[in-house]
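# Structural characterization, general
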Amino acid sequence: MDDVLEELAATIRGHGRDSHERAEELVRTALEDETTPEVILESSLVPAMADVGRRFRDREIFVPQVLVSSRAMQAALRVLEPLLTPGAFETRGHVVIGTVKGDVHDIGKNLVAMLLRGSGFVVTDLGINVPMQRFADTIEEVQPEIVGLSALLTTTMMQMESYVEEWVRLGLRGRVKVMVGGAPVTSAFARKIGADAYGRNASDAVDAALALVEAGRGGTAGERTA
Ligand code: B12
């Protein structure tokens, strides 16, 4: 990895006072050096955030430090987002995405939304802590092909099943494909709750979404479906 990407990863992992400003600067420098947004994401930002996750799990760092890293990560992602988003001319489908109720984790969900946009999907991002009814109202309103649910806690993940059941009850389930993800979610869990697809990471989510749209047009969803 080159020096700029290494320093960027260290900035995300570290807890400096102005790390969000520094992260933004370093992303701009990497782009000026002609590093692609995909390389910046995959070889610096994502592994750095994964390392933050490991250290939080092992109680080497705590919530305040994680928040500083998250803020730096979000600042970096804001610079990359427009570059991963092509013009609206090629729309592959519409995805409504959000983090389920009681859960405020959004870094991974934002990354998924960003890569979906970058692959030509229109994305309506409902944000964090989103109740079932808000999804239901948005499904009625924007008629998406796919709804994406994100959860990072083993507790909040359990609500995904009741969301899907409620959409069945409301007669919405036949109109949308459901895709789920988040660190504790697995493809077995996705199958168990009746979701159509699971994405382990953001690029997997894009492949799954493309397969679902393709299947909806008469192809087969292939092995990525849950
Ligand atoms: C950052 C973070 C926070 C930040 C969140 C900031 C933010 N804006 O998101 C803050 C500090 C606020 C936080 C709070 C808490 N957190 Co926290 N947090 C994390 C941490 C360290 C990293 C998560 C992250 O951003 N990862 C990086 C992204 C890129 O990965 P990702 O989220 O997994 O997303 C990828 C995939 O999962 C997938 N994906 C994600 N969503 C979707 C959706 C779809 C549709 C698809 C297809 C794919 C997909 O693609 C993404 C991109 O590749 C994790 C540790 C971990 N290893 O996950 C703990 C972790 C999730 N947190 C945890 C806990 C316990 C908490 C708190 C309860 C702590 C507390 N005591 O207050 C609170 C809960 C607050 C709440 N109500 O939600 C635990 C959960 C344990 C559990 N079993 O449930 C974890 C696992 C840490 C741990 N090991 O203990 N947290």
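Predicted, not measured: the structure shown is a model, and the values here were computed from it. (Residues numbered from 1 in each chain as written. Predicted model: local features only at pLDDT ≥ 70, side-chain atom pairs only at ≥ 80, totals over all residues. Heavy atoms only, no water.)

Before going further, it helps to examine the packing of helix H3 (residues 37-57) against helix H4 (residues 63-84). Relative to each other, H3 and H4 sit at 165 degrees, their axes nearing to 11 Å. In terms of orientation, H3 and H4 fall into the roughly antiparallel class. Of the two possible hands of crossing, H3 and H4 adopt the one that is left-handed. When H3 is examined against H4, the residues Pro37, Glu38, Ile40, Leu41, Leu45, Val46, Met49, Val52 and Phe56 are found in contact with a partner set consisting of Val63, Val66, Ser69, Ser70, Met73, Ala76, Leu77, Leu80, Leu83 and Leu84. (Axes fitted to C-alpha atoms, helices over the stretch in contact; angles between N-to-C directions. Helix = DSSP H or I, 4+ residues; strand = E, 2+ residues; numbered from the N terminus. Parallel < 35°, antiparallel > 145°, perpendicular 65-115°, else oblique. Left-handed = near helix turned anticlockwise from the far one by under 90°. Contact = heavy atoms within 4.5 Å.)

Let us now look at the side chain of Ser150. Looking at where Ser150 falls in the secondary structure, it is placed in strand E3 (residues 146-150). Among the residues examined, Ser150 registers a relative accessible area of 9% and is labelled buried. Once you skip the residues sitting within four places of it in the chain, Ser150 turns out to touch Gly98, Thr99, Val100, Lys109, Met160 and Gly181. (Buried < 20%, exposed > 50% of the residue type's maximum accessible area, 1.4 Å probe, protein only.)

Of all hydrophobic cores here, the largest spans 45 residues; its most connected members are Ile12, Ile40, Leu41, Leu45, Leu116 and Met179. When contributions to this core are tallied by element, the ones reaching two or more residues are helix H1 (3-13), helix H2 (19-32), H3, H4, strand E1 (93-99), helix H5 (107-118), strand E2 (121-125) and helix H10 (202-216). Composition of this core by domain shows at least three residues from each of domain 1 (3-84) and domain 2 (93-224). In contact with Leu41, other than residues within four places in its own chain, are Val46, Pro47, Leu77, Leu80, Leu84, Leu111 and Leu115. Leu126, Val130, Met160 and Val185 belong to the second-largest nonpolar core, a separate cluster that totals 26 residues. (Core = buried A, V, L, I, M, F, W, Y, C linked by side-chain atoms within 4.5 Å. Domains from an automatic or database assignment.)

What follows covers the side chain of His20. Tracing the sequence through the fold places His20 in helix H2. Residue class for His20 comes out buried when judged on its relative accessible area of 19%. Once residues lying within four places of it in the same chain are set aside, the contact partners of His20 are Arg71, Ala72 and Ala75.

Moving on to the sheet that holds E3. If you trace the 5 strands from one edge of the open sheet to the other, you get E2-E1-E3-E4-E5, paired in parallel fashion. Each edge of the open sheet carries a strand with a single partner, namely E2 and strand E5 (197-198). Sheet topology places strand E4 (residues 177-181) next to E5; 2 bridges connect them, and they run parallel. By the bridge assignment for E5, Met179 is matched with Ala197. Sheet contacts for helix H8 (residues 159-169): E3 and E4; angle to E3, the most-contacted strand, approximately 155 degrees. Packing against the sheet, H10 makes contact with E2, E3, E4 and E5, and its axis sits at approximately 170 degrees to E4. (Pairing = 2+ DSSP bridges.)

The next subject is the confidence of the model for the protein. Note that predicted coordinates carrying low pLDDT should not be read in detail. Mean pLDDT for the protein: 89, with 92% of residues reaching 70 or above. Under a pLDDT of 50 for its full length, residues 220-225 has, in the predicted model, 12 contacts with residues more than four places off or in other chains. (pLDDT = per-residue confidence, 0-100.)

Moving on, we get to the site of the ligand. Taken together, 34 residues sit near the ligand, with Val104, His105, Asp106, Ser150 and Thr154 positioned nearest. Within the contact set of the ligand, a nitrogen atom lies 2.7 Å away from a side-chain nitrogen or oxygen of Asp106. Contacts to the ligand include Ile107, whose backbone N or O atom sits 3.4 Å from an oxygen atom. Mapped onto the shell around the ligand, the elements with two or more residues apiece are H3, H4, H5, E3, E4 and H10. With 5 residues, H4 is the single largest residue contributor to the shell around the ligand. Counted by class, the shell around the ligand contains 17 nonpolar, 13 polar and 4 charged residues. Composition of the shell around the ligand by domain shows at least three residues from each of domain 1 (3-84) and domain 2 (93-224). (Near = heavy atom within 4 Å. Polar contact = N/O pair within 3.5 Å; in protein donor to acceptor, adjacent residues only side chain to side chain. Nonpolar A, V, L, I, M, F, W, Y, C, P; charged D, E, K, R; others polar.)

Let's shift gears to the coordination of the cobalt atom of the ligand. Of all protein atoms, just one serves as a donor to the cobalt atom of the ligand, and that atom is His105 (NE2), at 2.3 Å. Tracing the chain through its elements places His105 in the loop between E1 and H5. (Donors = N, O, S within 2.8 Å, 3.2 Å for Na, K, Ca; no water.)

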